[in-house]
Amino acid sequence: MAKFILKRVAISVVSMLLLITVTFFLMHAIPGGPFSPGEQKDLKPEVLEAIRARYGLDLPVTQQYANYMKNLAHGDLGVSMKKTNYTVNELLAGSFPVSAQIGMLAVVMALIIGIPLGIIAALKRGSAADMVSMVLATIGISIPTFVIAMLLMYLFCMKLAWFPTFGWGEAKHFILPVVCLCLAPIANITRLIRSSMLEVVRQDYIRTARAKGLSELMVIGKHAIRNAILPVVTYVGPLVASLMTGSFAIERMFMVPGIGRYFVNSVSDRDYTVIMGVTIFYGAFIMVCTLLVDIAYAWIDPRVRFDS
Amino acid sequence: MRKKINMFPEQPQPPYTMADKDIPAELFELLPEDEKKTDVINRPSISYWKNAWIKIKSDKLAVAGFIFLFIMVLIAIFVPIFSPYTYDGQDYNAIYQTPSMEHLMGTDMFGRDLFVRVAYGARISLTIGIVTALVNMVIGVLYGGISGFFGGKVDMLMMRFVDVFAAVPSLLYIILLMMFLGANLRSILIALCLTYWFSTARQTRGQILSIRNQDFAVAAKVVGESNLRILIRHLIPNSFGPIIVTVMFLIPAAIFDEAFLSFIGIGISVPVASWGTLANDGMATMGAYPHLMIFPALAISLTMFALNFIGDGLRDALDPRLKK
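Computed from a predicted model, the values in this text were never measured in an experiment.

Draft legend 1. Main features of the overall build of chain B. Tallying secondary structure elements over chain B gives 12 helices and 0 strands in all. Tracing chain B from N to C terminus, the helices and strands come up as α-α-α-α-α-α-α-α-α-α-α-α. The burial tally for chain B puts 44% of its 324 residues in the buried class. Across chain B, contacts joining residues at least 24 apart in sequence account for 70% of those joining residues at least 6 apart. Summed over its atoms, the accessible surface of chain B is roughly 18100 Å², and 65% of this surface lies on carbon and sulfur atoms.

Draft legend 2. Focus on the overall build of chain A. If you tally the helices and strands in chain A, you get 14 helices and 0 strands. Reading chain A from its N terminus to its C terminus gives the helix and strand order α-α-α-α-α-α-α-α-α-α-α-α-α-α. By its C-alpha atoms, chain A is 85 × 60 × 30 Å across when sized along the principal axes. The proportion of buried residues among the 308 residues of chain A is 45%. Taking contacts inside chain A between residues at least 6 apart in sequence as the whole, the part at least 24 apart equals 72%. A gap of 10 Å separates the mean positions of the 27 positive and 18 negative side-chain charges of chain A.

Draft legend 3. Geometry of the side chain of Asp 155 of chain B. All names here are of chain B. Inspection of the secondary structure puts Asp 155 in helix α5 (residues 152-166). Here Ser 147 takes part through its side chain, which lies 2.5 Å from a polar atom of the side chain of Asp 155. Look past the residues within four positions of Asp 155 in its chain and what remains in contact with it is Ser 147, Gly 148 and Arg 205.

Draft legend 4. Spatial organisation of the confidence of the model for chain B. Scored by pLDDT, chain B has a mean of 80; 90% of the residues are at 70 or more. Across the assembled chains, the prediction reports ipTM 0.73 with pTM 0.76.

Draft legend 5. Inspection of the environment of Phe 285 of chain A at higher detail. Of note, Phe 285 of chain A is situated in helix α13 (residues 272-300). Through-space distance from the C-alpha of Phe 285 of chain A to that of Ala 241 of chain A is 6.1 Å; in sequence the pair is 44 residues apart.

Draft legend 6. Looking closely at the domain arrangement of chain A. Residues and elements named next belong to chain A. Domain annotation for chain A reports domain 1 (2-73) and domain 2 (92-300). For domain 1 versus domain 2, the distance between C-alpha centres works out to 33 Å. Domain 1 puts 21 residues into the contact, and the matching count from domain 2 is 16 residues. Linking domain 1 with domain 2 are 0 salt bridges, by the criterion used here. Linking domain 1 with domain 2 are 0 residue pairs in polar contact (both at pLDDT 80 or more). Sorting the residues of the side of domain 1 that touches domain 2 by element identifies α1 (2-29) and α3 (61-73) as the ones contributing at least two each.

Draft legend 7. Just the interface of chain B and chain A, in detail. Contact with chain B, which involves 36 residues of that partner, is made by 42 residues of chain A. In total, chain B and chain A occlude about 3600 Å² of area from one another, counting both sides; carbon and sulfur atoms represent 82% of this. The tally of links from chain B across to chain A stands at 1 salt bridge. Of the charged contacts in the structure, one is a salt bridge between Arg 191 of chain A and Asp 312 of chain B, with a shortest N-O distance of 3.0 Å. Counting across the chain B and chain A interface gives 2 residue pairs in polar contact (both at pLDDT 80 or more).

Draft legend 8. Layout of α1 of chain A. Spanning 28 residues, α1 of chain A covers 40 Å between terminal C-alpha atoms, matching the ideal 40 Å at 1.5 Å per step. Three or more residues of α1 of chain A are buried, namely Phe 4, Ile 11, Ser 12, Ser 15, Met 16, Leu 19, Ile 20, Thr 23, Phe 24, Leu 26, Met 27 and His 28 of chain A. Next to the buried residues of α1 of chain A lie α3 and α13 of chain A together with α5 and α6 (170-181) of chain B.

Draft legend 9. Here's a closer look at the pattern of salt bridges. In total, this model carries 7 salt bridges over all chains according to the counting rule given. The partner of Asp 312 of chain B in a salt bridge is Arg 315 of chain B, with the nearest N and O atoms 3.0 Å apart. Residue Asp 312 of chain B and its partner Arg 315 of chain B are located together in helix α12 (residues 291-318), separated by 3 residues, close to a single helical turn. Taken together, the salt bridges that share partners define one network made up of Arg 191 of chain A together with Asp 312 and Arg 315 of chain B.

Draft legend 10. Looking closely at the packing of aromatic side chains. Residue and element names in this part refer to chain A. Throughout the structure, instances matching the rule amount to 12 aromatic pairs over all chains. Aromatic pair Phe 281 and Phe 285: ring centres 5.9 Å apart, planes at 25°, arrangement stacked. With Phe 281 and Phe 285 both in helix α13, this residue pair falls 4 residues apart, about one helical turn. In this structure Phe 281 comes out as partly exposed when scored by relative accessible area, which is 24%.

Draft legend 11. Structural context of the side chain of Ser 274 of chain B. All names here are of chain B. Here Ser 274 is to be found in the loop between α10 (240-263) and α11 (275-284). Of the polar contacts made by the side chain of Ser 274, one reaches the side chain of Glu 258; its length is 2.5 Å. Side-chain polar atoms of Ser 274 contact the side chain of Ser 262, separated by 3.3 Å. Once you skip the residues sitting within four places of it in the chain, Ser 274 turns out to touch Gly 121, Ile 124, Glu 258, Ser 262 and Ile 268.

Draft legend 12. Spatial organisation of the state of the cysteines. Inspection of the entire model under this criterion finds 0 disulfides over all chains. Not engaged in a disulfide, the cysteine Cys 180 of chain A finds its nearest cysteine sulfur in Cys 182 of chain A; these two sulfurs lie 8.5 Å apart.

Draft legend 13. Highlighting the nonpolar core. With 158 residues, the main nonpolar core has Phe 146, Met 253 and Phe 254 of chain A together with Phe 263 of chain B as its most contacted residues. Two domains each donate at least three residues to this core, and these are domain 1 (2-73) and domain 2 (92-300) of chain A. Listed in part, the 7 residues of the second largest apolar core include Met 158, Val 162, Phe 198 and Ala 201 of chain B.

Rules used in this analysis
- Residues numbered from 1 in each chain as written.
- Chains lettered and ligands numbered in written order.
- Predicted model: local features only at pLDDT ≥ 70, side-chain atom pairs only at ≥ 80, totals over all residues.
- Heavy atoms only, no water.
- Helix = DSSP H or I, 4+ residues; strand = E, 2+ residues; numbered from the N terminus.
- Buried < 20%, exposed > 50% of the residue type's maximum accessible area, 1.4 Å probe, protein only.
- Contact = heavy atoms within 4.5 Å.
- Areas by Shrake-Rupley, 256 points an atom, 1.4 Å probe, with all protein chains shown as cover.
- Lys, Arg positive; Asp, Glu negative; His and termini not counted.
- Charge placed at Lys NZ, Arg CZ, Asp CG, Glu CD.
- Polar contact = N/O pair within 3.5 Å; in protein donor to acceptor, adjacent residues only side chain to side chain.
- pLDDT = per-residue confidence, 0-100.
- Domains from an automatic or database assignment.
- Salt bridge = Lys/Arg side-chain N within 4 Å of Asp/Glu carboxyl O.
- Buried area = accessible area lost by both parts, 1.4 Å probe.
- Expected span 1.5 Å × (residues − 1).
- Phe/Tyr/Trp six-rings, centres within 6.5 Å; stacked < 30°, edge-to-face > 60°.
- Disulfide = S-S within 2.5 Å.
- Core = buried A, V, L, I, M, F, W, Y, C linked by side-chain atoms within 4.5 Å.

Below, the structure is given as structure tokens:
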């Protein structure tokens, strides 16, 4: 077990270093920069030079990389180059709670709705309930989130005017983004649970449980779910990470002041430090979540440990 | 001390023959003619691929998906050729028109015909889906195949490399690559091709690992075939079913990602119309002119439905573990 964890941690660390390095050099290789002459036409060349020197952009790229890594080791992500007076740490601290809030809500919704739907679909295979949940699951998988968001926005914000299209702070602002975010996960969870449940209920130990006279609720709730839920555990790790760190499209559409929006804006603004900061935060968060899930999984299911 | 016990004292000691038992010949009787045939396998043997074909033909959703996709391909190829309008032709006398006989899906804010633009978007989306899937299949299958076939240190190195890259969310790589390469079709293709093949490689490796020591592979080795030939002629074809299923699901994933990137403004750039950009443009005016948003949204969604149905059908048909 210790060896397994150690190996996974090592892989994650190498991945993280790779991500940071690739991002850094790729970003600097992109034509144009935060203070290139093309971007800021009203500034004199000398002023631009001074600004570039202020942010250390006049140094050779390798030197900049070394400086950045040194600061990063101290947990300092630098100052934003476009949002003056903000450090990247402050920006992340301000936007992460927003993303995490709707992300967590969406995950909880997805689990609460997806797991029972999948179980019902599997137990009543071929029934109307199965058909309905499979149709819903196919819709959730096939229609892109941003399309669903557009349609919901059109219907509920414009035609029915139940919700405002944007704004932030009150419960009514949460509802549509959360609904949009949780539809695809619901579909995936339903499908995963349904197929694993179908496999599990055919196993001998379930027949044994029935044979010794357990109630159906106990058979399913205590014995079947335990094994049927395993594929969902692997799915939920990356899901939690990606939803909590914000969805690029949903946050942009509903004007949610979360991380996803910062990332998209920073990329088109060439705000180097914010690009790096968000990438590192996002990557690290996803990797930690995946790692935790893998460890949990290996702990639940011994086969995984010995396989790898 | 244990005593030796003879459990079958009456048994004749070998060598002995049936004749020892002395069954009279008249006790034997001939089987009736028709009973002889019960042992014969009447059904003609069906190959793996033929079986898959029969299954997929009976899957109504998959067939519907194929038909829809075929029509979409025809639209993508022929509509931009034969339509009187072009995807970037502006007509300020006909802006924001609702669907009519002249403009089947209406026109946008520059008076561009939406039907042609959606058809043009189909070209982009289908190209992206198919090219990405094929390139990733080739890279993934070869990489995974080599890794699984040689095993040991080679396998370890190659798979750690994949682990390291795959641990990073691919969207981050794709967005950065897009910024680096510029917003056009070619860079999307490159970005998607560079990031998608991990799953195919992993899966192929698993498949190859599980069959590389089977008799037919060992036999090929004994006959003296080269490693490369064993891999390409014997191992890969035998693990192709599940791989094709994975690759099939790469097509909708790629189309999905392109639409998403274009939608958030870093995919295909104006005036070229991809479904993502069309949807994004449509969203800006959806309060007054919902058709500008609805037709691109429909095009994406229906195509995704069709591809997912085909993928599900292929999986049921090709994955032997799901056989009933």
